[in-house]
Amino acid sequence: MARVLRYLSQAVLYAAFVAAIGYLSTSPTYVHLPPDEALIKLSFSHAAARKEACHERTPEELAKLAPNMRAQTVCPRERVPVTVEVVLDGEPLFRVVAPPSGMAKDGASTVYRRVAVPSGTHRIAARLSDMPDGTFDHRAETTVALPPGHVLVIDFDAGKGGFLFRS
Amino acid sequence: MLKLVQRAGQWLFLHVERFFNHTFGEENNPLYHLGSITYFLFWIVLATGLYLYVFFKTGVDEAYASVEHLTTAQWYLGGVMRSLHRYASDGIVLGMLLHLGRHFVFDHYRSFRWFSWISGVVVLWLVYISGINGYMLPWDRLAQFVTVGTAEWLDWLPLFNGTLIRNFIFEGAVNDRLFSLLSFLHIGLALGMLALLWVHTQRVPGAKTTPPRPIMAWLGASLVVLSLLTPAMSQGPADLATVPATVALDWYYLPIFPLFYRWSPGQVWLLVGATTLIVVLLPWLPPRLRRYKEAFHLMIRPDNRIVAAREGETLLESALRDGIVFPFDCRNGGCGVCKCTILHGSVDHGVHQTEVLTAEEKAAGKALACCATPSSDLELEYVPVRPLSGIVVARHRARVASMARLADDVMRVRLELPADDALRYRAGQYINILLADGEKRSFSFATAPHETGGIELQIRHIPGGRFTTHVFTEMKVGESVEFEGPLGSFFLREDSDKPMIFVAGATGFAPVKSMLEHAFHVGFKRRMVLYWGVRSKADLYLAELPAKWAAEHPNFTFVPVLSEPKPEDHWTGRTGLVHEAILQDYPDLSAHQIYACGSVGMVEAAHPAFAAHGLSQDDCFSDAFKLAPHVARRTKDADLVLLGGRAANG
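Bear in mind that the values here come from a model prediction, so they are computed numbers and not experimental data.

### Remarks on the domain arrangement of chain B
According to the domain assignment, chain B consists of domain 1 (33-284), domain 2 (294-381), domain 3 (394-487) and domain 4 (500-644). If you average the C-alpha positions of domain 1 of chain B and of domain 4 of chain B, the two centres end up 54 Å apart.

### Description of helix α17 (residues 600-612) of chain B
Look at α17 of chain B: 19 Å from first C-alpha to last across 13 residues, which is about the 18 Å you get at 1.5 Å a residue. The set of residues buried in α17 of chain B consists of Val 600, Met 602, Val 603, Ala 606, His 607 and Phe 610 of chain B.

### Digging into the environment of Asp 329 of chain B
Residues and elements named next belong to chain B. With respect to the helices and strands, Asp 329 occurs in the loop between α11 (315-321) and β4 (339-344). Asp 329 gets classed as partly exposed once you count the C-beta atoms within 10 Å, which come to 18. In this structure Asp 329 touches Glu 27, Cys 335 and Val 337, once residues within four positions along its chain are discounted.

### Points about the pairing of strand β10 (residues 151-157) of chain A
A regular strand carries its side chains on alternate faces of the sheet. Residues and elements named next belong to chain A. The element β10 is extensively covered by neighbouring structure, given that five of its seven residues are classed as buried. Looking at chain direction, strand β2 (residues 37-46) and β10 are connected through four bridges and run parallel. Within the sheet, the bridge partner assigned to Leu 39 lies in β10 and is Val 151. The pairing of β10 with strand β11 (residues 162-166) spans five bridges and is antiparallel. Its bridge partner being in β11, Phe 156 is matched across the sheet by Phe 163.

### What about the packing of helix α1 (residues 2-24) of chain B against helix α4 (residues 75-105) of chain B?
All names here are of chain B. Close contact between α1 and α4 brings their axes to 8 Å; oriented N to C, the two are set at 120°. With respect to each other, α1 and α4 are oriented oblique. Here the hand of the crossing between α1 and α4 comes out left-handed. Across the interface between the two elements, Gln 6, Gly 9, Gln 10 and Phe 13 from α1 touch Gly 101, Arg 102 and Val 105 from α4. Of the residues belonging to the contact of α1 with α4, the class tally is two nonpolar, four polar and one charged.

### Overview of the interface of chain B and chain A
Contact residues are listed per partner, giving 35 residues for chain B and 34 residues for chain A. Within the residue set of the side of chain B that touches chain A, elements represented by two or more residues are α1, α4, α6 (141-155), α8 (213-229) and β1 (246-247) of chain B. Looking at the side of chain B that touches chain A residue by residue, the classes come out as 21 nonpolar, nine polar and five charged. Pairing of strand β1 (residues 30-31) of chain A with β1 of chain B, which is carried by two bridges, proceeds in the antiparallel orientation. For Tyr 30 of chain A, the partnering residue across the bridge sits in β1 of chain B and is Val 247 of chain B.

### Some remarks on unusual backbone geometry
Cis geometry is found at the peptide bond from Ser 27 of chain A to Pro 28 of chain A, where omega equals -10°. Position of Pro 28 of chain A relative to the elements: it lies in the loop between α1 (2-26) and β1. In this chain, Leu 285 of chain B is followed by Pro 286 of chain B through a cis amide linkage whose omega measures -10°. In this structure, Pro 286 of chain B sits in the loop between α10 (265-281) and β2 (294-301). Even without being a glycine, Asn 161 of chain B presents a positive backbone phi close to 50°. Locating Asn 161 of chain B in the fold gives a position in the loop between α6 and α7 (176-202). The phi torsion at His 570 of chain B lies on the positive side, around 50°, for a residue other than glycine. Relative to the helices and strands, His 570 of chain B resides in the loop between β17 (556-562) and β18 (574-575).

Calculation notes
- Residues numbered from 1 in each chain as written.
- Chains lettered and ligands numbered in written order.
- Predicted model: local features only at pLDDT ≥ 70, side-chain atom pairs only at ≥ 80, totals over all residues.
- Domains from an automatic or database assignment.
- Helix = DSSP H or I, 4+ residues; strand = E, 2+ residues; numbered from the N terminus.
- Expected span 1.5 Å × (residues − 1).
- Buried ≥ 20, exposed ≤ 12 C-beta atoms within 10 Å, placed from the backbone.
- Contact = placed C-beta atoms within 7 Å.
- Pairing = 2+ DSSP bridges.
- Axes fitted to C-alpha atoms, helices over the stretch in contact; angles between N-to-C directions.
- Parallel < 35°, antiparallel > 145°, perpendicular 65-115°, else oblique.
- Left-handed = near helix turned anticlockwise from the far one by under 90°.
- Nonpolar A, V, L, I, M, F, W, Y, C, P; charged D, E, K, R; others polar.

Below, the structure written as structure tokens:
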């Protein structure tokens, strides 16, 4: 009898152990996004214009260089940061100044932001500056209907005309 | 504060373990086998993972579909395998955290244990990385949540800076190659984990990697039942156009994911980094000014071996590290299998179950070797359960087969054993000659274990000594001799590649001869040097033998050193103290092993000098090192006395 009780106790304890495993393996559930919200993601990778334009070296500048380094034209590699602004229903949603990547700051600027917004129809305006003078040379505006749980991605591809709204 | 937490943890563990002892029995208490249980669960994960991999298809659409098919169409095997894979993985986390927590609360992570602690932390990291990686494979909503979350977390690092998430931003951004990459990562991480687990375990002497069978049976069966009752299921196919708004999260592997969104990725990096750093640094917190050092020496009977205990090391760990087959089971003060008797000295009994070692037993000198640490040099005795490597300490009777004078005061005595008495011993060990009145005299084997035709002793005459005088004046060929053995821990270690320096003082040459002949016999390629220190040339009673070895073996060198050469010796070789000659030739001993055998005085003078020149305690072999005065005084049959026939009383 004592042995049976002992085995029963062992069974209960092992059951408790695996129950703890089983429960925490799936529970409690995690609510990642409330049911009445949608998500807007701003994500792009874009190389802005060079900070300085190419220019010709003067004879004095050339003379200061080693003979094998005397290239007439010099083109600085550094790019300007990309500035992007997104306005949702007339209210500022994002303003990001993304520096160029790379040691020489000559790479693309990459941006990623995410924000949960109420689901429904929204008016979205976006503008981007990638020029040395800071002018916003890319603009776009759209109206999107965002059902609950849906994702709107605001991408930017200059080769495809600028801003892309994907949902 | 730390002590308070540890004491509270100890109280909790001890009470739960006591309850479990009543339920499971001490030998099958899962809390005493947390490490090996984790190993067992790892094998389940590995086996089930291999099965799943056979059916898993590495494609955006195929990944989800293949796992779903396996889970539903083959629920009785594939589904169970998938569930077992997940639940055993969760069990690994639980087992590892309990294992780590137990070592923490019982303060078993400092001093020499730092390596096991750090390697364990690295294993834990690998388990987490591999587990999170595994949740990406089925490409369901949970996989989407985990993949996107991981990318967002990693993207916080300047190295990625928002580029990783671009791979998961649109539905078409994910391609088939991702799943090949994830699969290889998952398998590679598991193999890396296995390798590191092996390293983690190897450093623990006598570590068990397999739990008792009842535990395996219960645990395996429980997991199968769990898998059948609540099978692991996918949570709908991944859809990057929508957010997995509600996910059934595995809280063992993914508890930090909600924090990415409640806090920020940077704050989670700070939390994870700071926690890891603190855990990694724990063995050295709070910092102490002095270095950890060798603490005390243990004379362990019935092996008659002297073992150096490291600071904080339990008696059991010291014994196991030195190859002693000390009986043990739970290693946590719960079963009493390792209970031993302290014959001399004092111990800190450590934390253990009180009913396993009562106050009366403590007063009677009993201790649990798995919990007790020495507070002084010790002499202790345990009840052996099996002989070491088939070498049995026993009484033997032999006859004197031949005698020859090697020098005025050194006699070679060859003993012949009966044909049915197969004496096995290790090169460098010794025997105790048993005298009629129960007195013992110790002499090293001068023959290598492989030699047949009896054993050779080199006995030096001690003026006034009872037995050695008998040898030199009355002993005849054919005389019967009774002895016990083999004894001693001064034997050749064959598990190292380090060059070896042998230091022999006078008739300390005998065990060195045994070791070198064994080394030549088995084909040692390690560099070996013999320094034989004697007073004058006449004391080099077998100098032609090591000279012959040096001529025959390019990896061996012989350096005789005379401390008091006589004018008639015409000595042009090395002079002075033998250990000083070694230090002149080897100012840095950190990459060497030293085997020293001679008078206690010689060895005691040499040891601190060697240690000061970088010789590790683990690479220094001589039973005469740092002996407790009481041991040297009381135990005539101990290793430290009489090696090579240097009997104090002959």
